[in-house]
Amino acid sequence: MRYALLVEGAPYSSQASHSALRFATTLVARGHQLVSVFFYHDGVYNAARLAAPPQDEPHLYDAWRSLHAEHGTELQVCIAAALRRGLLDEREAERHGKSGHSVEPPFELTGLGQLIDLGQGVDRLVTFAP
Amino acid sequence: MRYALLVEGAPYSSQASHSALRFATTLVARGHQLVSVFFYHDGVYNAARLAAPPQDEPHLYDAWRSLHAEHGTELQVCIAAALRRGLLDEREAERHGKSGHSVEPPFELTGLGQLIDLGQGVDRLVTFAP
Amino acid sequence: MILHILNRPPSSSLAYRDALAAMAGNDRLLLIEDGVMGALTSQVRHFQEIEGRLFALREDLSARGLEGQCDASVLVVDVDGFVSLTEEADKTVSWF
Amino acid sequence: MILHILNRPPSSSLAYRDALAAMAGNDRLLLIEDGVMGALTSQVRHFQEIEGRLFALREDLSARGLEGQCDASVLVVDVDGFVSLTEEADKTVSWF
Amino acid sequence: MAISSPSTGDLLVILRHPPHGSSWLREGLDAALVAAAFGQSVSLLFQGDGVLALAKGQQTGPLGQKGTAATLDMLSMYDIDSLHVEETALERFGLEAKQLQLPARIADGDSISHLLAGHRLVLTF
Amino acid sequence: MAISSPSTGDLLVILRHPPHGSSWLREGLDAALVAAAFGQSVSLLFQGDGVLALAKGQQTGPLGQKGTAATLDMLSMYDIDSLHVEETALERFGLEAKQLQLPARIADGDSISHLLAGHRLVLTF
């Protein structure tokens, strides 16, 4: 089946990201396709490229990147939720006249319409909330 | 009296930052001194320098900066809570080998001991949680 | 006297129960943010045991269009009154 | 059949009430994260009306040291079983 | 005003959080508006604390925080007129349907589960 | 093992959240450890869902998420031995004091309010 996940919890604040990653690797192992993870609400903080967790804790940012590298899963971040929270890619940073950026590929800022498309286009959408 | 605030909610996700700022301006207007605002838990996201909220919504990051500029209130961010969430100043970015930074003055990364110092050193510590 | 501050409504969160369990006989409780929903006449029974010591923040009631439905037993204060309550208390404790 | 997913415990959050109100007669409810506290024998009465359709995630029980206190009426599944439940359902709805 | 209330459609958005205290309500309404703009048939269910989204007389919050009352006025522009409000939640807050900012159909237990079953996608906020 | 339990001190940390589901518990324990390292007298109150922090047999979470059981073992190294656990919460979960990972004094309503009154600073997590 084709799956998508909706992640709405900030990393390290709630278990949502941990649960979603655990679910993601399991569903892929069962032969399903994970098309995309969409980040909304505080879930957008998962895309913060500078995350520097302690070495004895899971590195969630790297885990998302691995998911993309190994399974081609898209990492889509709601742009409206991200901008107000300080998560800008190079293009948005330039557009807002800011020096530096906080989001980079494979995470991509995208409209909320992508979530709606996913919800209708995949077989299962599973939400992990804080 | 000497006050400090503890802010634990992410901006735009919960009302905590709005409430704290409203309380802050009111207490200063009543003649009290606001020594410091300490950011912990998801409150550390208030220090994200790239925040770009819509123009018709309150700009919380700028509001914190004004509080510092007008009243000398320190803006202290728990460094352990910040690093794992991707909030690094120039020094920490260099120390972790990252290009770019996401926190800059007047926000300062500091140890949790500062919160304890504040709690014992001021007359009132008021917590705004998500 | 301690000022307790609660920002969750009793209609969805049981945080109010922990707050009440920790209150001494002369402590006060201030409802703020979504917590002001507890001040409605339909909800205020959850705070029956502290009648006379229950406050609600006027600005947060107004923003939600609830000022007219706030129970008469609740002491409504504005933000200036909130600061004043913290002055009068020995310390504050927040529940969420 | 819808798979409902709940991550809040009935001991502090009333989210379970909204989930139960939305469940049809053959829907299932899976407790995950802090929600697994609802599977304890001391708490499971909150889910009496859906006995036989109440699941709890084994890994989240174990992490909390609660596997031994999980009520016998609760169907315990591992993450593989969680994925399997989503396969069998028409869709999933999360409550928090 | 007539209240249309199909219990089927493309997307059901369940709104369980009250205005101002968090961004859940606004983010849920945004999802509904975007889906409608994409031509999907959208229903809203105001459940639990979410029924307070429909209270009359809401204002801006501290520092001018916008709230969601103005967004509700946009629903009809986007042809979202399948609005449902949980009966037990209305009773819990002592509200009556006629006191609400918008007309909404009263939903009891059975009609709520029918709403969930009747929509291709269900999102909770 | 003797349980000392002063109801007075510099800092009372109230822990109301269970392990793993959020970072509240860990961040509250961190605040307690830092205060103790600064030479302050610290008491802990496990209240509500927070009593589950004391459950035996906790393990790491998904992806190796650390949890807080190991941190509890550090409390005595920092001379934090004023531990209190809410009686009604223990009963709610069917737990008995002897089943807990660490010895803690049972706190009823009166002793909880005395704890709050007796500490210079109270932080809730």
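An unreviewed UniProt entry annotates chain E as Sulfurtransferase complex subunit TusC originating from Billgrantia kenyensis.

Per an unreviewed UniProt entry, chain A goes by Sulfurtransferase complex subunit TusD and derives from Billgrantia kenyensis. Note on chain A: under the UniProt heading Sequence similarities (unreviewed entry), the record states "Belongs to the DsrE/TusD family."

**So, the overall build of chain E**
Along chain E, the regular secondary structure elements total 4 helices and 5 strands. A compact globule built from 125 residues should have a C-alpha radius of gyration of about 14 Å, and chain E, at 13 Å, falls within 12% of that. Principal-axis analysis of the C-alpha atoms gives chain E an extent of 40 × 35 × 25 Å. The proportion of buried residues among the 125 residues of chain E is 60%. Taking contacts inside chain E between residues at least 6 apart in sequence as the whole, the part at least 24 apart equals 78%.

**Some details on the pairing of strand β3 (residues 74-78) of chain A**
All names here are of chain A. Within β3, 4 of the 5 residues are buried, which leaves the element mostly enclosed by the surrounding structure. Taken together, strand β2 (residues 33-39), helix α2 (residues 60-71) and β3 form a β-α-β motif whose crossover is right-handed. Across 4 bridges, the pairing between β3 and strand β4 (residues 107-110) is parallel. Paired with Leu75 across the bridge in β4 is Phe107.

**Structural notes on the relation of the copies chain A and chain B**
Superposing chain A onto chain B takes a rotation of 180° plus a shift of 0.0 Å along the axis, which leaves an RMSD of 0.0 Å. The superposition of one copy onto the other is thereby described by a two-fold rotation axis. Looking at the rotation axis and the C-alpha trace of chain A, the residue lying nearest is Gly100 of chain A, at 3.1 Å. A share of 100% of interface residues in chain A that are also interface residues in chain B marks the association as one of identical surfaces.

**Focus: the arrangement of the chains**
Of all 12 pairs of chains in contact, the one with the most contacts involves chains A and B. Spatially, chain A and chain C are disjoint, and the shortest separation between their C-alpha atoms is 15 Å. The two partners chain B and chain D share no contact, and the minimum distance between any of their C-alpha atoms is 15 Å.

**What about the sheet that holds strand β1 (residues 9-15) of chain F?**
Strand order in the open sheet formed by 5 strands is β4-β3-β2-β1-β5 (chain F), and the pairing between neighbours is parallel. Each edge of the open sheet is held by one strand with a lone partner, namely β4 (105-107) and β5 (119-124) of chain F. On average, each strand axis in the sheet is inclined to that of its neighbour by 25°, with strand direction left out of account. By the bridge criterion, 3 bridges tie strand β3 (residues 82-86) of chain F to β4 of chain F in an arrangement that is parallel. Counted as the bridge partner of Val85 of chain F is Ile106 of chain F from β4 of chain F. Contacts from helix α5 (residues 113-121) of chain B reach β1 and β5 of chain F within the one sheet, and its direction differs from that of β5 of chain F by about 135°. Strands in contact with helix α4 (residues 109-118) of chain F are β1, β2 (42-46), β3, β4 and β5 of chain F; relative to β5 of chain F, the strand with the most contacts, it is inclined by about 110°.

**Observations concerning helix α4 (residues 109-118) of chain E**
Each turn of an α-helix holds 3.6 residues, which means side chains three or four residues apart point in the same direction. All names here are of chain E. For α4, every residue scored as buried is listed here: Ile112, Ser113, Leu115 and Leu116. The buried residues of α4 all sit within an arc of 150° when viewed along its axis, so they share a single face. Across α4 from its buried face, at more than 90 degrees, point the exposed residues Asp110, His114 and Ala117.

**A look at unusual backbone geometry**
With an omega of 10°, the peptide bond between Pro105 of chain A and Pro106 of chain A qualifies as cis. With respect to the helices and strands, Pro106 of chain A occurs in the loop between α4 (90-95) and β4. Backbone geometry at Tyr12 of chain B places phi at a positive 70°, although glycine is not the residue there. Structurally, Tyr12 of chain B is set in the loop between β1 (2-7) and α1 (16-29). Although it is not a glycine, Leu63 of chain E adopts a positive phi angle of roughly 65°. Along the chain, Leu63 of chain E turns up in the loop between β2 (42-46) and α2 (69-74). Residue classification places Leu63 of chain E among the partly exposed positions, given a relative accessible area of 41%.

**Some thoughts on the pattern of salt bridges**
The final tally for this structure, using the stated rule, is 34 salt bridges over all chains. Between Arg84 of chain B and Glu57 of chain A there is a salt bridge, and its shortest N-O distance comes to 2.8 Å. Here Arg84 of chain B, found in helix α3 (residues 79-84), pairs with Glu57 of chain A, found in the loop between β2 and α2, and the two come from separate chains. We note a salt bridge from Glu96 of chain E to Lys98 of chain E, for which the minimum N-O separation is 3.5 Å. Owing to a relative accessible area of 68%, Lys98 of chain E belongs among the exposed residues under this scheme. By sharing partners, the salt bridges in this structure join Arg22 of chain A together with Asp34, Asp60 and Arg64 of chain D into a single network.

**Examining the interface of chain A and chain B**
The extent of an interface is frequently quoted as the accessible surface area lost upon association of the parts. With 26 residues of chain A at the contact, the number on the chain B side is 26 residues. Together, the buried faces of chain A and chain B total about 2100 Å²; carbon and sulfur atoms form 53% of this surface. Per-residue buried area on chain A facing chain B is highest for Leu50, Ala52 and Arg84 of chain A; these three make up 32% of the total on that side. Linking chain A to chain B there are 2 salt bridges.

**Focus: the interface of chain E and chain C**
Listed as interface residues are 19 residues of chain E and, on the opposing side, 15 residues of chain C. Both sides together, the interface formed by chain E and chain C hides about 1200 Å², and carbon and sulfur atoms give 56% of it. The largest contributions to the chain E side of the interface with chain C come from Asp49, Arg92 and Phe93 of chain E, which together make up 35% of the buried area. The tally of links between chain E and chain C comes to 0 salt bridges. Along the contact surface separating chain E from chain C lie 8 residue pairs in polar contact (both at pLDDT 80 or more). The residue inventory of the side of chain E that touches chain C, partitioned by class, reads 7 nonpolar, 9 polar and 3 charged.

**Some remarks on the nonpolar core**
In terms of nonpolar packing, the biggest core is built from 255 residues, with Leu44 of chain E together with Leu44 of chain F touching the most fellow members. In contact with Leu44 of chain F, not counting residues within four places along its chain, are Leu12, Val13, Leu15, Leu29, Ala32, Leu75, Ile80, Ser82, Leu83 and His84 of chain F.

**Quick notes on empty space enclosed by the protein**
Residues and elements named next belong to chain F. Counting across every chain of the model gives 11 cavities of 30 Å³ or more. Computed from the structure, the second largest cavity encloses a volume of approximately 160 Å³. Lining the second largest cavity are 16 residues, with Ser22, Ser23, Arg26, Gln65 and Gly67 sitting closest to its centre. Residues belonging to the lining of the second largest cavity are distributed by class as follows: 3 nonpolar, 10 polar and 3 charged.

**What to know about a negative patch on the surface**
All names here are of chain E. The grouping of Glu87, Glu91, Asp108 and Asp110 at the surface amounts to a negative patch. Following the sequence through the fold, Asp108 ends up in the loop between β4 (105-107) and α4. The class of Asp108 is partly exposed, set by a relative accessible area of 38%.

The rules behind these values
- Residues numbered from 1 in each chain as written.
- Chains lettered and ligands numbered in written order.
- Predicted model: local features only at pLDDT ≥ 70, side-chain atom pairs only at ≥ 80, totals over all residues.
- Heavy atoms only, no water.
- UniProt positions renumbered as here; feature names shortened; annotations may be inferred.
- Helix = DSSP H or I, 4+ residues; strand = E, 2+ residues; numbered from the N terminus.
- Rg over C-alpha atoms; globule rule 2.2 N^0.38 Å.
- Buried < 20%, exposed > 50% of the residue type's maximum accessible area, 1.4 Å probe, protein only.
- Contact = heavy atoms within 4.5 Å.
- Right-handed = clockwise from strand over helix to strand, strands pointing away.
- Pairing = 2+ DSSP bridges.
- Least-squares fit on C-alpha atoms with pLDDT ≥ 70 in both.
- Axes fitted to C-alpha atoms, helices over the stretch in contact; angles between N-to-C directions.
- Arc of directions from axis to C-beta.
- Salt bridge = Lys/Arg side-chain N within 4 Å of Asp/Glu carboxyl O.
- Buried area = accessible area lost by both parts, 1.4 Å probe.
- Polar contact = N/O pair within 3.5 Å; in protein donor to acceptor, adjacent residues only side chain to side chain.
- Nonpolar A, V, L, I, M, F, W, Y, C, P; charged D, E, K, R; others polar.
- Core = buried A, V, L, I, M, F, W, Y, C linked by side-chain atoms within 4.5 Å.
- 1 Å grid on protein atoms, 1.4 Å probe; cavity = no way out; pocket = protein on both sides within 12 Å on 5 of 7 lines; lining within 4 Å.
- Points joined across faces, edges and corners; volume = space filled by probe spheres on them.
- Patch = residues over 30% accessible without salt bridge, like charges linked within 9 Å, V, L, I, M, F, W, Y side chains within 5 Å.
- Areas by Shrake-Rupley, 256 points an atom, 1.4 Å probe, with all protein chains shown as cover.
- Lys, Arg positive; Asp, Glu negative; His and termini not counted.
- Charge placed at Lys NZ, Arg CZ, Asp CG, Glu CD.

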